[in-house]
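Observations on the model geometry
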Amino acid sequence: MGRGRAKAKQVKVARQLKYNSGGTDLERLRDELGVRDDSNHNDDSNDAYDELADRYADYADDFGAGDDRDDGTSGRR
């Protein structure tokens with residue numbers, strides 16, 4: 001008699017979790033996972049991107065848009 005009732009209760013709990021779990025506290029989850037909030041952009045991340053873009057800007061000038069290989073050659077021989 002015990003296994004049928006236990007299984008029915010597990011199924012009931014599983015259905016409640018599946019369909020009624022809309023009460024997730026996303027702020028608490030973010031804090032628990034240690035994820036920073038991206039809505040507060042700080043200038044440090046933009047500075048790192050700008051530094052990287054400046055580093056490779058010379059390559060963009062050397063290999064401009066006119067150097068794209070659309071003629072079907074892959075550059076490998």
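Keep in mind that this is a model prediction, so the values were computed, not measured. Numbers given to residues run from 1 along each chain, matching the order in which its sequence is written. Side-chain atom pairs in this predicted model are given and counted only at pLDDT of 80 or more, local residue features only at pLDDT of at least 70, and totals for whole chains, interfaces and linings cover all residues. Side-chain numbers here rest on the full set of heavy atoms in the structure, without hydrogens or water.

Some points on the overall build of the protein chain
- Working definition: helices are DSSP H or I runs of at least four residues, strands are E runs of at least two. Numbering for both runs from the N terminus. Scanning the protein chain for helices and strands turns up three helices and zero strands.
- Start at the N end of the protein chain and walk to the C end: the helices and strands fall as α-α-α.
- Only protein chains enter the area calculation, which uses a 1.4 Å probe; residues under 20% of their type maximum are buried, those over 50% are exposed, and those in between are partly exposed. Within the protein chain, the fraction of its 77 residues that count as buried is 0%.
- The accessible surface values rely on the Shrake-Rupley method and a 1.4 Å probe; as for residues, cover is taken only from the protein chains in view. Total accessible area on the protein chain is roughly 7900 Å²; 47% of this is exposed by carbon and sulfur atoms.

Some remarks on the pattern of salt bridges
- A side-chain nitrogen of Lys or Arg and a carboxyl oxygen of Asp or Glu constitute a salt bridge if their distance falls within 4 Å. Applying the stated criterion across every chain, the model contains two salt bridges.
- Across the pair E27 and R30 runs a salt bridge whose closest N-O atoms are separated by 2.9 Å. In this pair, E27 and R30 both sit in helix α2 (residues 26-33), three residues apart, roughly one turn of the helix.
- Of the residues examined, E27 reaches a relative accessible area of 48% and is grouped as partly exposed.
- R30 gets classed as partly exposed once you look at its relative accessible area, which sits at 27%.
- Between R55 and E51 there is a salt bridge whose closest N-O contact spans 3.7 Å. Of the two residues, R55 and E51 are both situated in helix α3 (residues 43-62); the distance of four residues between them amounts to about one turn of the helix.
- Given a relative accessible area of 49%, R55 falls into the partly exposed group.

Remarks on α2
- Burial within α2 is sparse, with just zero of its eight residues counted as buried.
- Positioned one or two residues after α2, G34 has a phi angle of 80°, which is positive.

Regarding helix α1 (residues 2-19)
- Multiplying 1.5 Å by the residue count of a helix minus one yields the expected span of that helix. Between the first and last C-alpha of α1 there are 26 Å, a value that for 18 residues agrees with the 26 Å anticipated at 1.5 Å per step.
- For α1, a buried count of zero out of 18 residues is recorded, marking the element as mostly open to its surroundings.

A short note on the confidence of the model for the protein chain
- The predicted model of the protein chain averages 76 in pLDDT, with 69% of residues at 70 or higher.
- A residue's pLDDT is simply how confident the predictor is in it, with values from 0 to 100. Within the protein chain, the element-level pLDDT minimum falls on α3, averaging 77, and the maximum on α1, averaging 90.

A look at a nonpolar patch on the surface
- Residues enter patches when they are more than 30% accessible in relative terms and free of salt bridges; like-charged ones are connected within 9 Å and nonpolar ones (Val, Leu, Ile, Met, Phe, Trp, Tyr) within 5 Å. Taken together, the side chains of L26, L29, L33 and V35 define a hydrophobic patch exposed on the protein surface, amounting to about 400 Å² of accessible area.
- Tracing the backbone shows V35 in the loop between α2 and α3.
- Here V35 falls in the partly exposed class, since its relative accessible area comes to 48%.

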